[in-house]
Amino acid sequence: MGIVVQKYGGSSLADADAIKRVARRIVDVKKSGHDVVVAVSAMGDTTDDLLDLATGVSPLPPAREMDMLLTAGERISMALVAMAISDLGFTARSFTGSQAGVITDSVHGKAKIIDVTPGRITQAIGEGHIVIVAGFQGVSADTKEITTLGRGGTDTTAVALAAALEADVCEIYTDVDGVFTADPRIVPSARKLGRVSYEEMLELAACGAKILHLRCVEYGRRYGIPIHVRSSFSQLEGTWVVNDPQLSGPSQGETMEQPIIAGVAHDRSEAKITVVGVPDKVGEAARIFEALADAQINLDMIVQNISAAATSLTDISFTLPRSDGQTAMTALARIQAEVGYDKLLYDDKIGKVSLIGAGMRSHPGITSKFFGALASAGVNIGMISTSEIRISVIVDENAVDDAVRATHTAFDLDADEVEAVVYGGTGR
Ligand code: ADP
Ligand code: ASP
Ligand code: MG
């Protein structure tokens, strides 16, 4: 029998009873003859609480210490889950990310996994134990420091373990029944996708559908690991993230036929910076974006206006994670004299709404229908960006919910009967 890798999110591990329930699910898999490796997140909103605590102590905590603090959350869950399993008469061994061989680069707060050396895991499996691994963390190959993988990173831990252990599938247990056509917390009439392609899931995750961590989907695609997203509160079949949703994966759970649109995603975690009055000459944009790259900032949308004829000055706007806003403003302020721009504007009262679907490639009129839906809902568009299978707009933060619902309805994604149950979690 093969190895089953499972991941339980914080909402599935909210309290002692939840941990005992998860332990029973894990033991059931072991009883059915599989070896089980489980990645766990911090309990409930522990990570947010620790973040609040840190900013209460210091406005800009050192990144190394932040990682030391946040990794404590997953360490609590791993030990408690192992204890609950031993109470059911099975033995479990818990390991930190470092002990489990999760090797990362050295960027605190958003480290990338570069290798997994699961020697201690395979040894523990060989000795008949259930293995519990603290998600969201690793150790840097260079600096030997403890790192974290970015919010939601336990999904990536799980898929990386599944790849390293050559597991057949990685099961992601969460507080909804799978991947829906929109966040069920905003659109109760959203439909569950039976299957979705890695390609579409990558766009959904990149556009804020926090049901899966972006790098977990990248990892799954690279190593060909099917990801089964399902609820830890029900026994229902969830959503299969696979290469070609039409050809592979089990046939149950199909709720939509060859959809043009996979779903609508939203993101309230970005901010917009405008560099006002940039001289229109060669190399200016390169200098600006070099400063941001040096500060390890990932940018999303970028818009450069045409320069005003009279002044030869232009404005460059871009979006980035809100959490990097301060760092980006500081990095840009440092090069003001060199670049010669006029001033910087910062706006974090924005949201992004994205429409995603591989069928967009071959269906004209999707953009006009999307923008028409936003107009009918009275939503103003601030910025636009597109990829082959995605259209994203920046809107006012307060207009996000209306924009998502109007778009969902305009593309006939609403289910006839409400099936989107949110079992737990606070949505934080
Ligand atoms: P976990 O604690 O299990 O990691 P998360 O809160 O990270 O859970 O992710 C699950 C949440 O993702 C759901 O409760 C839901 O609100 C949100 N979500 C956003 N977009 C979607 C979507 N398209 N389908 C399902 N859930 C979504
Ligand atoms: N506990 C971390 C977070 O809240 C990682 C995770 O849940 O995946 O982001
Ligand atoms: Mg998550």
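Along each chain, the written sequence defines residue order, and numbers are assigned to residues from 1. Written order determines the labels here, with chains lettered from A and ligands numbered from 1. For a predicted model such as this one, the threshold for reporting local features is a pLDDT of at least 70, and the threshold for listing and counting side-chain atom pairs is 80 or more; totals across whole chains, interfaces and linings nevertheless cover every residue. The side-chain quantities take in all heavy atoms of the structure and omit both hydrogens and water.

Asker: I keep staring at a nonpolar patch on the surface and nothing clicks. Help me out?
Answerer: Taken together, Ile76, Leu80 and Met83 make up a surface patch of nonpolar side chains, about 260 Å² in accessible area. For Leu80, the position within the fold is in helix α3 (residues 63–87). Patch membership is restricted to residues that have no salt bridge and whose relative accessible area is over 30%. Joining uses 9 Å for like charges and 5 Å for the nonpolar side chains Val, Leu, Ile, Met, Phe, Trp and Tyr. Surface accessibility follows the Shrake-Rupley procedure with a 1.4 Å probe radius. Residue values consider only the protein chains on display as shielding. A pairing counts as a salt bridge when a side-chain nitrogen of Lys or Arg comes within 4 Å of a carboxyl oxygen of Asp or Glu. Numbering of helices and strands runs from the N terminus; a helix is a DSSP stretch of H or I covering at least four residues, while a strand is a stretch of E covering at least two.

Asker: Even after reading the chapter, I still don't get the pairing of strand β12 (residues 239–242), so can you show me in this structure?
Answerer: The side chains of a regular strand alternate, first on one face of the sheet and then on the other. Burial along β12 is two-sided: the face carrying Thr239 and Val241 and the face carrying Trp240 and Val242 are both buried. Strand pairing is defined by DSSP finding a minimum of two bridges between the two strands. Here 3 bridges tie strand β10 (residues 195–197) to β12, and the two strands are oriented parallel to one another. Counted as the bridge partner of Val196 is Val241 from β12. Summary of the burial criterion: residues with accessible area below 20% of their type's maximum are buried, those above 50% are exposed, and those between are partly exposed, where the area comes from a 1.4 Å probe applied to protein chains only.

Asker: Help me understand the pairing of strand β20 (residues 390–396), please; the structure alone is not making it clear to me.
Answerer: Among the 7 residues in β20, 6 count as buried, and that is most of the element. With 7 bridges connecting them, strand β18 (residues 350–356) and β20 associate as antiparallel partners. Paired with Lys352 across the two strands is Ile394, which belongs to β20. Direction of pairing for strand β19 (residues 383–387) relative to β20: antiparallel, over a ladder of 5 bridges. If you follow Ile384 over to β20, its bridge partner there is Val393. Where β19 folds back onto β20 in an antiparallel hairpin, the turn is made up of 2 residues.

Asker: Help me out: how do you make sense of the sheet that holds strand β5 (residues 113–116) in this one?
Answerer: Where strands meet in a sheet, backbone hydrogen bonds hold them as pairs that are either parallel or antiparallel. The strand order across the open sheet formed by 4 strands is β5-β4-β7-β8, and the pairing between neighbours is mixed. With one partner strand each, in any of the chains shown, β5 and β8 (146–148) form the two edges of the open sheet. Averaged over all pairs of adjacent strands, the angle between strand axes in this sheet comes to 45°, irrespective of strand direction. Of the strand pairs in this sheet, strand β4 (residues 102–104) and strand β7 (residues 137–140) are connected by 2 bridges, and their pairing is parallel. Opposite Ile103, over in β7, you have Val139 as the bridge partner. It only takes one pair of heavy atoms within 4.5 Å for two residues to be counted as in contact. Every angle, taken between N-to-C directions, lies between 0 and 180 degrees, and every axis is a line fitted to C-alpha atoms, over only the stretch in contact when it is a helix. Sheet strands in contact with α3 are β7 and β8, and its direction is about 75° off that of β8. Contacts from helix α5 (residues 154–164) reach β5 and β7 within the one sheet, and its direction differs from that of β5 by about 40°.

Asker: Sorry if this is basic, but what is going on with helix α1 (residues 16–31) here?
Answerer: The periodicity of an α-helix, 3.6 residues per turn, causes residues three or four places apart in sequence to face the same way. Multiplying 1.5 Å by the residue count of a helix minus one yields the expected span of that helix. Counted at 1.5 Å a residue, the expected span for α1 with its 16 residues is 22 Å, and the 22 Å between its end C-alpha atoms agrees. Of the residues making up α1, those classed as buried are Ala18, Ile19, Val22, Ala23, Arg25, Ile26, Val27, Val29 and Lys30. Directly after α1, the chain includes Gly33, whose backbone phi takes a positive value near 105°.

Asker: Help me out: how do you make sense of the site of ligand 2 in this one?
Answerer: Around ligand 2 sit Ser41, Ala42, Thr47, Glu74, Phe136, Arg151, Gly152, Gly153 and Thr154, and those are all the residues in its vicinity. N or O atoms closer than or at 3.5 Å make up a polar contact, with two conditions inside protein: a donor-capable atom paired with an acceptor-capable one, and, for residues adjacent in sequence, both atoms drawn from side chains. Between ligand 2 and the protein, one listed contact pairs an oxygen atom with a side-chain N or O atom of Ser41 at 3.1 Å. The separation between an oxygen atom of ligand 2 and a polar main-chain atom of Thr154 is 3.0 Å. Polar here means any residue other than Ala, Val, Leu, Ile, Met, Phe, Trp, Tyr, Cys and Pro, which are nonpolar, and Asp, Glu, Lys and Arg, which are charged; Gly is therefore polar. Split by residue class, the shell around ligand 2 holds 2 nonpolar, 5 polar and 2 charged. Only heavy atoms are used to decide nearness, and a residue is near a molecule or strand if one of them lies within 4 Å of it.

Asker: Before we go on, may I ask you to explain unusual backbone geometry in this structure?
Answerer: Its identity as a non-glycine residue notwithstanding, Lys144 has a phi of 65°, on the positive side. Structurally, the position occupied by Lys144 is in the loop between β7 and β8. Unlike most non-glycine residues, Ser312 shows phi in positive territory, near 60°. Here Ser312 is to be found in the loop between β15 (302–304) and β16 (313–321). Of the residues examined, Ser312 reaches a relative accessible area of 40% and is grouped as partly exposed.

Asker: Can you walk me through the packing of helix α6 (residues 198–206) against helix α7 (residues 214–223) in this structure?
Answerer: Geometrically, a packed helix pair is captured by the angle between its two axes and the distance between the axes. The interhelical angle for the contact between α6 and α7, taken along N-to-C directions, is 165°, at an axis separation of 8 Å. Between α6 and α7, the angle falls in the class roughly antiparallel. Regarding α6 and α7, the two cross each other, and that crossing is left-handed. In contact with Tyr198, Glu199, Met201, Leu202, Ala205 and Ala206 of α6, α7 contributes Leu214, Val217, Glu218, Gly220 and Arg221. When describing relative orientation, an angle under 35 degrees is termed roughly parallel and one over 145 degrees roughly antiparallel, while 65 to 115 degrees is termed roughly perpendicular and anything else oblique. Crossing handedness is defined as follows: a turn of the near helix away from the far one that is anticlockwise and smaller than a right angle gives a left-handed crossing, while the clockwise case is right-handed.

Asker: Sorry if this is basic, but what is going on with the nonpolar core here?
Answerer: The nonpolar side chains of a soluble globular protein tend to be buried, and buried together. Core analysis: the largest hydrophobic core is formed by 71 residues, its most contacted members being Val5 and Val37. In terms of residue count, the dominant contributor to this core is α5 (6 residues). Dropping the residues within four chain positions of it, Val5 is found in contact with Val37, Ala158, Leu161, Ala162, Leu165, Ala167, Val169, Cys170 and Glu171. Buried Ala, Val, Leu, Ile, Met, Phe, Trp, Tyr and Cys residues that are joined via side-chain atoms within 4.5 Å together make up what is termed a nonpolar core. Counting residues in each nonpolar core, the second largest holds 23 residues, with Val22, Met78, Val81 and Ile130 among its members.

Asker: In this structure, what is going on with the environment of Val418? I would like to understand it.
Answerer: Inspection of the secondary structure assignment puts Val418 in the segment after α12 (400–410). Under the relative-accessibility criterion, Val418 is labelled exposed at 62%. Taking the C-alpha atoms as reference, Val418 lies 35 Å from Asp52; in sequence the two are 366 residues apart.

Asker: Any chance you could explain the site of ligand 1 here in plain terms?
Answerer: The environment of ligand 1 is made up of 18 residues, and the closest members are Thr174, Asp175, Phe180, Asp183 and Arg185. Asp175 is positioned such that a nitrogen or oxygen atom in its side chain is 2.7 Å from an oxygen atom of ligand 1. Summarising the interface, the protein chains cover 90% of the accessible area of ligand 1, which totals 570 Å² for the free molecule. Split by residue class, the shell around ligand 1 holds 8 nonpolar, 5 polar and 5 charged.

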